[in-house]
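For reference, the chains in residue letters:
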Amino acid sequence: MAPSRASGVPPCQTKVGQHKPGPMRLTSLVTTMRLETPEQQKQAAAEAAAEFVFDGMTVGLGTGSTVAYLLPALASRRLNIRCVATSPATEEQARSLGLVVLDFDEVDRFDIAIDGADQVAPDGWLVKGGGAAHTREKVVAASAERFIVIADASKVVSRISAPIPLELLSYGLAATLRRLDTVQLRAVPNSPDGGVIADYLGTVNDPGITAAMLSATPGVVDHGLFSPLLVSDLIIATPDGVSHRKLVK
Ligand code: 5RP
């Protein structure tokens, strides 16, 4: 599942382009080819994000198919960096590429963390957890000076909507499900931390209100709504190229 240069997808040759000042602080990153497929877009966004990592940094590594393109891009830079992975799959791929992966208990902050997303809204709210790693991913994002989100065009939405991934405590699960009402258990293994993975299917009128409601529900370990306050940068690839938007964090 880990893509590589040997997989037939060529490097996208993304270069940081000229800064275009504007209210959203958008920067276009120049690509030398059109990025027609989601795979090309994921790879281009991931390769652009790898350029933000420098020698000596402690790096949080997300989870998913977009991050799977980040890891070879990072490894090929041969930097002296220390990484922490948010999932066993990321850890295995990172180690196989020669990246140094520490346990999270050896680190209490990150210079940078880079991760994918399932939904990216215009105001910077995210949905994460399609790969069931959102609890770990949120801890890592919140511990990072800079949290960069990388995504292909299919992840850009006009507004956040269900499903919202959940990690639930197995203790009292039936009662938690009853309280949440509109929740479906996902047919996947428990998280590496023992949490049960589910999806909240209720209406999301305001992501902040839904996030607060889910956080306040006993038995919910964490949910996949990520506030814009966690996000430093959005690197989004579309067929036309890669754009970089700087947020407040
Ligand atoms: C895993 C995640 C992923 O970052 C998210 O699901 C995006 O995945 P992909 O890059 O495969 O589209 O949150 O829990």
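Preceding this section is the structure that the text describes.
Residues numbered from 1 in each chain as written. Predicted model: local features only at pLDDT ≥ 70, side-chain atom pairs only at ≥ 80, totals over all residues.

Asker: Would you mind showing me how to read the sheet that holds strand β10 (residues 164-168) here?
Answerer: Paired through backbone hydrogen bonds, the strands of a sheet run either parallel or antiparallel to each other. On the basis of which strands lie adjacent, the open sheet formed by 4 strands has the order β11-β12-β10-β13 and antiparallel pairing. Every interior strand has two partners, whereas the edge strands, β11 (183-185) and β13 (220-223), have only one. Across the sheet, the mean angle from the axis of one strand to that of its neighbour is 30°, orientation sign disregarded. With 3 bridges joining them, β10 and β13 adopt antiparallel strand pairing. Its bridge partner being in β13, E167 is matched across the sheet by D222. Strands in contact with helix α4 (residues 134-142) are β10 and β13; relative to β13, the strand with the most contacts, it is inclined by about 65°. (Pairing = 2+ DSSP bridges. Helix = DSSP H or I, 4+ residues; strand = E, 2+ residues; numbered from the N terminus. Axes fitted to C-alpha atoms, helices over the stretch in contact; angles between N-to-C directions. Contact = placed C-beta atoms within 7 Å.)

Asker: Help me out: how do you make sense of the sheet that holds strand β8 (residues 126-127) in this one?
Answerer: What the 3 strands build is an open sheet, ordered β7-β8-β14; its pairing is antiparallel. Unpaired on one side and paired on the other, β7 (119-120) and β14 (225-226) mark the two borders of the sheet. Examined bridge by bridge, β8 and β14 share 2 bridges and lie antiparallel to one another. Residue pairing in the sheet places V127 in a bridge with L225 of β14.

Asker: Before we go on, may I ask you to explain the packing of helix α1 (residues 38-50) against helix α2 (residues 67-76) in this structure?
Answerer: Axis angle and axis distance: for two packed helices, these are the angle between their axes and the distance between the axes, and together they describe the pair. Here α1 crosses α2 at 40°, and the two axes come no closer than 8 Å. When the axis of α1 is compared with that of α2, the two are oblique. Seen from above, α1 lies across α2 with right-handed handedness. Taken together, the residues of α2 that come into contact with α1 (itself represented by K42, Q43, A46, E47, A49 and A50) are Y69, L70, A73 and L74. Considered class by class, the residues forming the contact of α1 with α2 number 7 nonpolar, 1 polar and 2 charged. (Parallel < 35°, antiparallel > 145°, perpendicular 65-115°, else oblique. Left-handed = near helix turned anticlockwise from the far one by under 90°. Nonpolar A, V, L, I, M, F, W, Y, C, P; charged D, E, K, R; others polar.)

Asker: Is there a simple way to think about the site of the ligand in this case?
Answerer: Near the ligand you find 17 residues, and of these G64, T66, G116, G130 and G131 are the closest. Counted by class, the shell around the ligand contains 3 nonpolar, 10 polar and 4 charged residues. (Near = placed C-beta within 6 Å.)

Asker: What is the right way to look at the nonpolar core in this model?
Answerer: Looking at soluble globular proteins, one finds that nonpolar side chains tend to be buried together. With 61 residues, the main nonpolar core has A45, A49, L70, A113, V149, I150 and I235 as its most contacted residues. Both of domain 1 (25-155 + 227-246) and domain 2 (164-223) provide at least three residues apiece to this core. In contact with A113, other than residues within four places in its own chain, are V59, G60, G62, V140, A141, A144 and F147. (Core = buried A, V, L, I, M, F, W, Y, C linked by C-beta atoms within 7 Å. Buried ≥ 20, exposed ≤ 12 C-beta atoms within 10 Å, placed from the backbone. Domains from an automatic or database assignment.)

Asker: What am I meant to see in the environment of L99 here?
Answerer: Relative to the assigned elements, L99 resides in the loop between α3 (88-96) and β5 (101-102). Distance from L99 to V84, taken between C-alpha atoms, is 9.9 Å for residues 15 residues apart in sequence. Residues in contact with L99, not counting those within four places in the same chain, are L71, L74, A75, C83 and A94.

Asker: Whenever I open this one, unusual backbone geometry confuses me. Can you help?
Answerer: Both trends apply: most residues other than glycine have a negative phi, and most peptide bonds are in trans. Here the amide bond leading from A162 into P163 is cis, since omega sits at 5°, within 30 degrees of zero. Within the secondary structure, P163 is located in the loop between β9 (144-152) and β10. Backbone geometry at D181 places phi at a positive 70°, although glycine is not the residue there. Here D181 is to be found in the loop between α5 (173-180) and β11.

Asker: I'm lost on the environment of A113 in this one. Help?
Answerer: Along the polypeptide, A113 turns up in strand β6 (residues 110-115). The exposure class of A113 is buried, given the 27 C-beta atoms found within 10 Å. As a C-alpha pair, A113 and A144 span 31 residues in sequence and 5.9 Å in three-dimensional space.

Asker: Would you mind going over the environment of T37 with me for this structure?
Answerer: Note on placement: T37 falls in the loop between β2 (26-30) and α1. As for T37 and D152, which are separated by 115 residues in sequence, their C-alpha atoms are 8.9 Å apart.

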